[in-house]
Amino acid sequence: MPPVPDLPGRGEQLRLHDTRTGTVRPTEPGETARMYVCGITPYDATHMGHAFTYVTFDLVNRVWRDAGHDVHYVQNVTDIDDPLLERAVETGQDWRAIADRETALFREDMEALNVLPPRDYIGAVESIPSVAQYVEDLQAKGAVYAVDSDLYFAVRDDADFGSLAGMDAEEMSRVFGERGGDPDRPGKRDPLDCLVWQSARPDEPAWNTELGHGRPGWHIECAAIALDHLGMGFDVQGGGSDLVFPHHEMSAAEAQVLTGETPFAHHYVHSGMVAWQGHKMSKSRGNLVFVSELRHQGIDSAAIRLALLAHHYRSDWAWTPQGLEGALQRLTLWRQAAELPAGPDLAPTLQRVRAALADDLRTPEALDALDDWSMAALGSGGSDDAAPGLFGQTVDALLGVRL
């Protein structure tokens, strides 16, 4: 955990868009704000789509802290899954070696981008005993059934299933099939029922549990990790917008049936998709811009972060060289202003930045406020010799940009 500067006063109550309700409404954490953000499947390096998501929820973390909350942030890493095993077969490498290498690189990228680390960073593999117990509990409730030697969760056992995504059954089935599901498998009670335990396959890793020799399904891993470390009714479930369905919908359904309580999370918050060369960045398409490659080219990590912050977190947008150049110019402007012996009173600017971030993370407006102060400081100076130092502390504490 890097040091986070303390700023004068307190930030405002954070309001965020909730995917379930379709509205921007206040988050209402207690003394400790609780957040779960779905992590990477570590079979390739961190691209700008990943970075946009984790910088987004880093802002949530920072705004809560500025408002006086402690933050219990949990993130998983899906260090056993089909894409990882497929990459191991393609490259002839051990799947564990790939997972370890890419997880380490991801963490290096996050540190470079000044993303505050989660309190708990949990691998899917280390959660297998917990997953197995939760699947047994779902079996006892009659919510899990067998198809051949695999186990499936009956999603309709959750009365709220489908309320997050707001899709009809036909659309859910289509998206489920596109995003790792198997709606057409014979023997399922409902096409949308999801795998919670897969029996061992030839030449694939598997673990011995009371459920037999196998490995977990995707959605139950996050349900288990969130329940173990945060409990029900935590404040924010976060991730990219491509996780709304099926992943967040099904994880919530599993947890709600397990506990008999609602909601799994009070806010479902989702970041937009980042495109490159005309398409959403995706490993399957191969149109990726990697954080590590830009860093190795000598691009300042603070500029990479600023390029991300120039877009509102719920926007879909395209990465461009021009956007990165604009971020480098902004970083130069801010650094020049922070080095002045004095500047204008920063209090009104700090208030503008806090207000913009508290209102659904309106980062473009926060950046404009800081640009205005910088240009005023460079243009006409000011008499407050503490203002440039406080300016640097502000952009570090609230935006995670180190000058």
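How each quantity is defined
- Residues numbered from 1 in each chain as written.
- Predicted model: local features only at pLDDT ≥ 70, side-chain atom pairs only at ≥ 80, totals over all residues.
- Heavy atoms only, no water.
- Pairing = 2+ DSSP bridges.
- Helix = DSSP H or I, 4+ residues; strand = E, 2+ residues; numbered from the N terminus.
- Axes fitted to C-alpha atoms, helices over the stretch in contact; angles between N-to-C directions.
- Parallel < 35°, antiparallel > 145°, perpendicular 65-115°, else oblique.
- Contact = heavy atoms within 4.5 Å.
- Buried < 20%, exposed > 50% of the residue type's maximum accessible area, 1.4 Å probe, protein only.
- Polar contact = N/O pair within 3.5 Å; in protein donor to acceptor, adjacent residues only side chain to side chain.
- Salt bridge = Lys/Arg side-chain N within 4 Å of Asp/Glu carboxyl O.
- Expected span 1.5 Å × (residues − 1).
- Left-handed = near helix turned anticlockwise from the far one by under 90°.
- Nonpolar A, V, L, I, M, F, W, Y, C, P; charged D, E, K, R; others polar.
- Core = buried A, V, L, I, M, F, W, Y, C linked by side-chain atoms within 4.5 Å.
- Phe/Tyr/Trp six-rings, centres within 6.5 Å; stacked < 30°, edge-to-face > 60°.
- Arc of directions from axis to C-beta.

Considering the pairing of strand S10 (residues 212–216)
In this sheet, S10 lies alongside strand S8 (residues 194–199) in antiparallel orientation, the contact comprising three bridges. Counterpart to Gln 198 in the pairing with S10 is Arg 215. Relative to S10, strand S9 (residues 207–209) runs antiparallel, the two being bridged by three bridges. Residue pairing across strands places Thr 209 opposite Gly 212, the latter belonging to S10. Between the antiparallel neighbours S9 and S10 lie two residues.

Focus: the packing of helix H5 (residues 169–178) against helix H7 (residues 244–259)
Closest axis-to-axis distance for the H5/H7 pair is 9 Å, and the angle between their directions is 100°. Accordingly, the angle class assigned to the pair H5 and H7 is roughly perpendicular. Here H5 contributes Met 172, Val 175 and Phe 176 to the contact with H7, which in turn contributes Phe 245, Pro 246 and Met 250.

Section: the side chain of Lys 188
With respect to the helices and strands, Lys 188 occurs in the loop between H5 and S8. Judged by relative accessible area, which is 12%, Lys 188 ranks as buried. At 2.9 Å, the side chain of Lys 188 and the side chain of Asp 182 are in polar contact. In this structure the side chain of Lys 188 is engaged in a polar contact, spanning 2.7 Å, whose partner is the backbone oxygen of Asp 193. Excluding residues that lie within four positions of it along the chain, Lys 188 makes contacts with Tyr 145, Val 147, Tyr 152, Phe 176, Asp 182, Pro 183 and Asp 193.

Side note on the pattern of salt bridges
As a working rule, side chains carrying opposite charge can pair if their charged atoms are close by. Under the counting rule described, the total for this entry stands at 26 salt bridges. In this structure, Asp 150 and Arg 201 form a salt bridge, with 2.8 Å as the shortest nitrogen-oxygen distance. With a gap of 51 residues between them, Asp 150 in strand S7 (residues 150–153) and Arg 201 in the loop between S8 and S9 connect regions that are remote in the sequence. Judged by relative accessible area, Arg 201 falls into the partly exposed class, the value being 30%. A single network of salt bridges, built from pairs that share partners, joins Asp 148, Asp 150, Arg 185 and Arg 201.

Considering the sheet that holds strand S6 (residues 144–147)
One open sheet accounts for five strands, arranged S6-S7-S8-S10-S9; its pairing is antiparallel. Of all strands in the sheet, those bounded by a partner on one side alone are S6 and S9. Ignoring which end each strand starts from, the neighbouring axes of this sheet average 40° apart. Of the strand pairs in this sheet, S6 and S7 are connected by four bridges, and their pairing is antiparallel. The partner of Val 147 across the bridge, within S7, is Asp 150.

A word on the sheet that holds strand S14 (residues 279–280)
Spatial strand order, S14-S13-S15: three strands in an open sheet with mixed pairing. Strands at the two margins of the open sheet, each flanked by one partner only, are S14 and strand S15 (317–318).

Regarding helix H12 (residues 363–380)
For an α-helix, 3.6 residues make a turn, and residues three or four places apart therefore share a direction. Between its first and last C-alpha, H12 extends 26 Å over 18 residues, near the 26 Å set by a 1.5 Å rise per residue. All of the buried residues along H12 are Thr 363, Ala 366, Leu 367, Ala 369, Leu 370, Asp 371, Trp 373, Ser 374 and Ala 377. If you follow the buried residues of H12, they end up packed against helix H1 (48–66), helix H9 (301–309), helix H10 (321–338), helix H11 (347–358) and helix H13 (387–399).

With respect to the packing of H9 against H10
Each packed pair of helices is defined by two parameters, the angle between the axes and the distance between the axes. Two elements in contact, H9 and H10, have axes whose closest approach is 8 Å; the angle formed by their N-to-C orientations is 115°. Of the two elements, H9 crosses H10, and the hand of that crossing is right-handed. Between H9 and H10, the residues in contact are Ala 302, Ala 303, Ile 304, Leu 306 and Ala 307 and Gly 323, Leu 324, Ala 327, Leu 328, Arg 330, Leu 331, Trp 334 and Arg 335, respectively. Here the residues of the contact of H9 with H10 sort into ten nonpolar, one polar and two charged.

Regarding the nonpolar core
Counting residues in hydrophobic clusters, the biggest one holds 71 residues, and the most contacted among them are Met 48, Trp 319, Trp 334 and Leu 399. If you tally residues by element for this core, the top one is H1, at ten residues. Beyond its immediate stretch of four places on either side in the chain, Leu 399 contacts Leu 59, Arg 62, Arg 305, Leu 309, Trp 334, Leu 357, Leu 367, Leu 370 and Thr 394. Residues Val 74, Phe 161, Leu 192 and Leu 230 belong to the second largest nonpolar core, which totals 47 residues.

Details of the packing of aromatic side chains
Tallied over the entire structure, the rule returns nine aromatic pairs. With centroids separated by 5.3 Å and ring planes inclined at 75°, the aromatic side chains of Tyr 54 and Phe 106 adopt a geometry described as edge-to-face. With Tyr 54 in helix H1 and Phe 106 in helix H3 (residues 95–112), the pair connects residues that are 52 residues apart, well separated along the chain. The structure contains a cluster of three or more aromatic residues connected by ring pairs, namely Phe 52, Trp 317 and Trp 319.

Some thoughts on unusual backbone geometry
Cis peptide bonds are those with omega within 30 degrees of zero, and the linkage from Phe 245 to Pro 246 qualifies with 5°. Turning to its location among the elements, Pro 246 is positioned in helix H7. With omega at -5°, the peptide bond leading from Thr 262 into Pro 263 counts as cis. A positive phi angle is found at Asp 148, which is not glycine, with a value near 55°.

Description of H5
Of all the positions in H5, only Met 172, Val 175 and Phe 176 are classed as buried. Viewed end-on, H5 has its buried residues packed into an arc of 105°, placing them on one side of the element. Exposed and oriented more than 90 degrees from the buried face of H5 are Glu 170 and Glu 178. Along its buried surface, H5 packs onto S8, helix H6 (218–229) and H7. Looking one or two places after H5, you find Gly 180, whose phi comes out positive at around 95°.

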